[in-house]
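Examining the three-dimensional arrangement
As a plain string of letters, each chain reads:
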Amino acid sequence: MAKISMRDVRKSYGKDQVVHGVNLEIANGEFIVVLGPSGCGKSTLLRMIAGLETITAGQIAIGDTVVNDLEPRERGCAMVFQNYALYPHMTVAENIGYALKVAGTPKAERMARIAAVAASVGLGDFLDRRPGQLSGGQRQRVAMARAIIREPRVFLFDEPLSNLDAKLRVQMRHEIRRIHNRIAATSVFVTHDQQEGMTLADRLVVMNKGVIEQVGTPSEIYDQPASTYVGGFIGSPAMNFLSGQVDRATHSVRLASGDRIDVSPAIAARNHGKLVQIGVRPEAMTMVPAGQGTLNATFEFVEELGAGRLYHMMFEDLTLTVLAGDRQTLAAGAPVGLHIPASAVHLFDADTGKRVEAAPLAVVEQVPA
């Protein structure tokens, strides 16, 4: 195992800076997921850890060694790519054991290790096949086995499940987590899929335009998003947003429509007069008879999700969504009340997009004990 330390890490291509001063501490044996949309810099960050990209400024350390100037093979990392990167003319066994062969490992030892690793990822019966004879999930397991056999200090995963169908992605997520738990190597997993991030991570690193927006456990980030970007990106269906102004006298946020949404007295007292964005998750709102809720909306249509339903409502010129487990029959255009409890309201500064709190946030060390 090895901790990873990044200090003010930057990456530029000419005048175009794509990673802006990243600071991050990853503990020994931790499973970190770097999450963000395409172009946010997450894969570039991973490739800098691996040594496949040079850093423009800053410092990366793996364990106690600064690796800025080390070659990829000297860093103790194994990388699993989206496209598998297998040798098509080699068998599964030859692909898995290639690094050992290059290193001069005796054949008997090499074959024993290949058999053990292949069995650990469910490939024991496929050692004589070539990649073209395997399914996508099996090829990804070969790529993982090839990484495991090197006994790396650090596993790096660059969107390894993107080419798989939905059912197989779920299976492979479970497999990756089991392998991590068994091997106890430090793992950094890059993805744009928030479901992958939420289910795999010990901690999530949410990136946006080359900067880290928030670091925390999946539950911390879901329950206490640090910005409108994080609140809107994490969670499916997405968070609802409304604009308003905090009013201390009524302990609420006043909307342009004249409606009021209750907030805690402490938040109202600290932020009186502030223009804010109100964030409410779809599962936190409930539908009530028209005139009896926090807001009055108009029903548009419903999406059937199996375990529940997603109701789409119009409020003023905004579309709001309500996630509910019951099955109500509503006619298009029907008036509906929406109840929003104060405890479900997230407030964000309208100018900066940053989270608004009742008191200044304490500085919390991001590295787990």
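Here we take up the overall build of the chain. From N to C terminus, the chain includes nine helices and 20 strands. In terms of overall dimensions, the chain has a C-alpha envelope of 80 × 45 × 40 Å along the principal axes. Counting across all 369 residues of the chain, residues that qualify as buried make up 49%. Within the chain, residue pairs in contact and separated by at least 24 positions form 66% of the contacts whose partners lie at least 6 positions apart. About 17200 Å² of surface is accessible on the chain, with carbon and sulfur atoms providing 50% of the total.

Bringing the packing of helix α2 (residues 92-102) against helix α4 (residues 136-148) into the picture now. For the pair α2 and α4, the least separation of the axes is 7 Å and the interaxial angle reads 30°. Accordingly, the angle class assigned to the pair α2 and α4 is roughly parallel. Where α2 crosses over α4, the handedness of that crossing is right-handed. Contact with α2, carried on its side by V92, N95 and I96, involves V142, A145 and R146 of α4 and no other residues of that element. For the contact of α2 with α4, the per-class residue count stands at four nonpolar, one polar and one charged.

Scanning the model with the defined rule gives 18 salt bridges in all. Between K274 and D349 there is a salt bridge, and its shortest N-O distance comes to 3.2 Å. Of the two residues, K274 is situated in the loop between α9 (265-270) and β14 (275-280) and D349 in strand β20 (residues 346-349); the sequence distance between them amounts to 75 residues. For K274, a relative accessible area of 27% gives the class partly exposed. Note on D349: relative accessible area 15%, which makes it buried. Across the pair R309 and E304 runs a salt bridge, and its minimum N-O distance is 2.9 Å. One connected set of salt bridges, linked through shared partners, spans K11, R47 and E53.

In sheet architecture, strand pairing relies on hydrogen bonds along the backbone and comes in two forms, parallel and antiparallel. Judged by pairing direction, the sheet is antiparallel, and its four strands sit side by side in the order β2-β1-β4-β5 without closing on themselves. Each of the sheet's edge strands pairs with one partner strand only, and the pair in question is β2 (16-26) and β5 (65-66). Strand direction decides the pairing type here: strand β1 (residues 4-13) and strand β4 (residues 57-62), joined by five bridges, are antiparallel. From the neighbouring strand, S5 faces β4, where its bridge partner is A61.

It is worth spelling out a nonpolar patch on the surface at this point. On the surface, a cluster of nonpolar side chains totalling about 270 Å² of accessible area is made up of Y87, Y98 and V102. Here V102 lies in helix α2.

Our next topic: the sheet that holds strand β19 (residues 335-339). With antiparallel pairing, the five strands of this open sheet are ordered in space as β15-β19-β16-β17-β18. Edge positions in the open sheet fall to β15 (286-288) and β18 (318-324), since each of these has one partner strand only. The mean inter-strand angle of the sheet, taken between neighbouring strand axes irrespective of direction, is 50°. Two strands pair when backbone bridges link them, and strand β17 (residues 309-315) and β18 are joined in this way by seven bridges, in the antiparallel orientation. Bridge pairing in β18 links R309 to A324.

What counts, and at which threshold
Once a new chain begins, its residue numbering starts again from 1 and follows that chain's sequence as written. This being a predicted model, a pLDDT of at least 70 is required before a residue's local features are given, and a value of 80 or more before pairs of side-chain atoms are given or counted; all residues contribute to the totals for chains, interfaces and linings. Side-chain metrics rest on all non-hydrogen atoms present in the structure, leaving aside hydrogens and water. In DSSP terms, a helix is any run of H or I states spanning at least four residues, a strand is any run of E spanning at least two, and both are numbered starting from the N terminus. For each residue, the accessible area found with a 1.4 Å probe, counting protein chains only, is set against the maximum for its type, and the residue is called buried under 20%, exposed over 50%, and partly exposed in between. Every residue pair with non-hydrogen atoms within 4.5 Å of one another is taken to be in contact. Here the open area of atoms and residues is found with the Shrake-Rupley method and a 1.4 Å probe, where only the protein chains shown may cover a residue. Helix axes are fitted to C-alpha atoms over the stretch in contact, other axes to C-alpha atoms as well, and angles between N-to-C directions run from 0 to 180 degrees. Between 65 and 115 degrees an angle is taken as roughly perpendicular, under 35 as roughly parallel, over 145 as roughly antiparallel, and anywhere else as oblique. Put simply, a crossing is left-handed when the front helix is turned counterclockwise from the back one by less than a right angle, and right-handed when it is turned clockwise. Under the scheme applied here, ten amino acids are nonpolar (Ala, Val, Leu, Ile, Met, Phe, Trp, Tyr, Cys and Pro), four are charged (Asp, Glu, Lys and Arg), and all others, including Gly, are polar. One side-chain nitrogen of Lys or Arg within 4 Å of one carboxyl oxygen of Asp or Glu is enough to make a salt bridge. A strand pair is defined by DSSP finding two or more bridges across the two strands. Patch membership needs two things, relative accessible area over 30% and no salt bridge, and members are linked within 9 Å if like-charged or within 5 Å if nonpolar (Val, Leu, Ile, Met, Phe, Trp, Tyr).

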